[in-house]
Amino acid sequence: MNSNRGVIYQGPGKVEVQDIADPTFTNPAGKKIDHAVILKVLSTNICGSDQHMVRGRTTAPAGMVLGHEITGEIIEKGSDVEMLNVGDIVSVPFNVACGRCRCCRELDTGVCLTVNPARAGGAFGYVDMGGWVGGQAKYVMVPYADFNLLKFPDRDQALAKILDLTMLSDILPTGFHGAIKAGVGVGSITYVAGAGPVGLAAAASAQILGAAVVMVGDFNKERLNHAAKMGFVPIDLSQHDRLGEMIAQVVGVPEVDSAIDAVGFEARGHSGKEQPAVVLNQMMEITRVAGNIGIPGLYVTADPGAQENAAKEGSLSLKFGLGWSKAQSLHTGQTPVLRYNRQLMNAILHDRLPIAKIVNAKVIPLEEAAQGYAHFDAGVAAKYVLDPHGVIS
């Protein structure tokens, strides 16, 4: 193995690519594990969730290796790994999951009960998620490999479609999960809040699930223009703050069957000021009686950068009585990637879901990660994919 390099969070607003330790067969507590593999990282993506940390909106400590969207080639495996081999190309769910606890056995892998001593749920390179080293690097260790990893059936096909397949680690299953939990089906009228990569993945998922109309709302004109090119109906939220009226202009009534929040806790209202609950409240307003709301957007238990004292502790001004009175169903939480990634892989391999085009994937070298973070934070209509070994480019 050559020397490792990785993207390090250095504090609010700053990331750097530095030399980091080579991965070993040990867990965050220093215990040797034999159920892991070492991957040569072929692609690893910058996620909006990473941006929350880099903006200083979480309690992430400086020095973390970032990155939870990982696709790679196995170069070493532990003695307890039986179903995978060196040379296999695999997708890594962002969830670290043991495969043995009650939640994992029910495929609620986003809230594994064993991989994080502090709380339910583990992830690579993320604050409060167990201390697992991130994958925006040249090499990374993945535990519980037989359970977690999705092997691609054909190496050449995988390499040819890697720009689409790299989205299987998080963004595509997360968008799909939002659409599923929003109850999207044949003929659904659907609204997606947020035209960033997760919002576009949710919109694409709604389409493949059979939605009749998929609207995507945002303030960002560049992202709205791209959404329109991909076949979604753009809703320009800068017009005014009456979302129902804008929806009625499209479908004739100010309501939808299914709503998906792909924005999360850094939401802003029409005034431009942060209103962390504004999207959730809008979802309850526009969703029909007994409709469903999927919430793949991230909400945190502590937000040190919040403008409201309550929001700093994760407390939001939520109009919950509205949703209750309308008998709506709201579904939250991290996506259990393993529940969806195999089906979505098949959709990609059989040309049913050109997700790289839909989210406007842009490949950059690992060494340019800081520039990618800056451009993404500025609102560029793109999904940045890091190429640590020059495999994609």
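Rules used throughout
- Residues numbered from 1 in each chain as written.
- Predicted model: local features only at pLDDT ≥ 70, side-chain atom pairs only at ≥ 80, totals over all residues.
- Heavy atoms only, no water.
- UniProt positions renumbered as here; feature names shortened; annotations may be inferred.
- Helix = DSSP H or I, 4+ residues; strand = E, 2+ residues; numbered from the N terminus.
- Buried < 20%, exposed > 50% of the residue type's maximum accessible area, 1.4 Å probe, protein only.
- Polar contact = N/O pair within 3.5 Å; in protein donor to acceptor, adjacent residues only side chain to side chain.
- Contact = heavy atoms within 4.5 Å.
- Pairing = 2+ DSSP bridges.
- Right-handed = clockwise from strand over helix to strand, strands pointing away.
- Expected span 1.5 Å × (residues − 1).
- Phe/Tyr/Trp six-rings, centres within 6.5 Å; stacked < 30°, edge-to-face > 60°.
- Core = buried A, V, L, I, M, F, W, Y, C linked by side-chain atoms within 4.5 Å.

Under an unreviewed UniProt entry, the protein chain has the name Formaldehyde dehydrogenase, glutathione-independent and belongs to Candidatus Pantoea formicae. In its Sequence similarities (unreviewed entry) section, UniProt records this for the protein chain: "Belongs to the zinc-containing alcohol dehydrogenase family." One UniProt comment on the protein chain, placed under Cofactor (unreviewed entry), says "Zn(2+)".

Draft legend 1. Main features of the side chain of Ser-169. Here Ser-169 lies in the loop between helix H5 (162-165) and helix H6 (171-181). Overall, Ser-169 belongs to the buried group, its relative accessible area being 0%. At 3.5 Å, the side chain of Ser-169 and the backbone nitrogen of Ile-70 are in polar contact. In terms of polar contacts, Ser-169 uses its side chain to reach the backbone carbonyl oxygen of Thr-166, at 3.2 Å. Among residues more than four places away in sequence, those in contact with Ser-169 are Asn-45, His-68, Glu-69, Ile-70, Ser-91, Val-92, Pro-93, Phe-94 and Val-337.

Draft legend 2. The pairing of strand E14 (residues 287-294), seen in detail. Where strand E13 (residues 256-261) and E14 come together, four bridges link them in parallel fashion. Its bridge partner being in E14, Ile-260 is matched across the sheet by Gly-294. Assessed by its sense of winding, the connection that carries the chain from E13 through helix H10 (residues 278-286) to E14 is right-handed. Note that E14 and strand E15 (residues 329-331) share three bridges and pair parallel. Its bridge partner being in E15, Gly-294 is matched across the sheet by His-331.

Draft legend 3. Molecular detail of helix H7 (residues 197-208). Between the first and last C-alpha of H7 there are 16 Å, a value that for twelve residues agrees with the 16 Å anticipated at 1.5 Å per step. Counting buried residues along H7, nine of its twelve residues qualify, which places the element largely inside the surrounding structure. Among the residues of H7, those classed as buried are Pro-197, Gly-199, Leu-200, Ala-201, Ala-202, Ala-203, Ala-204, Ser-205 and Ala-206. A positive backbone phi angle near 110 degrees is found at Gly-210, which sits one or two residues after H7.

Draft legend 4. Representation of the packing of aromatic side chains within the structure. Enumeration over the complete set of coordinates arrives at one aromatic pair. Consider the rings of Phe-176 and Tyr-340, whose centres lie 5.4 Å apart with planes at 70 degrees: the pair is edge-to-face. With Phe-176 in helix H6 and Tyr-340 in the loop between E15 and helix H13 (341-349), this pair connects stretches of sequence that are 164 residues apart. Exposure class is identical for Phe-176 and Tyr-340. Each is buried.

Draft legend 5. Molecular detail of the nonpolar core. Counting 44 residues, the largest nonpolar core has Leu-168, Phe-232 and Ile-355 as the members making the most contacts within it. With six residues, H7 is the largest single contributor of residues to this core. By size, the runner-up hydrophobic cluster in this structure holds 29 residues, among which are Phe-25, Ile-74, Cys-103 and Tyr-144.

Draft legend 6. How the structure looks around the environment of Met-215. Tracing the sequence through the fold places Met-215 in strand E11 (residues 213-218). Of the residues examined, Met-215 reaches a relative accessible area of 0% and is grouped as buried. Sequence separation of Met-215 and Ala-228 is 13 residues, and the distance between their C-alpha atoms is 9.4 Å. Other than its neighbours up to four places away in sequence, Met-215 contacts Ile-189, Thr-190, Tyr-191, Val-192, Val-233, Ile-235, Ile-247, Val-250, Val-251 and Val-256.

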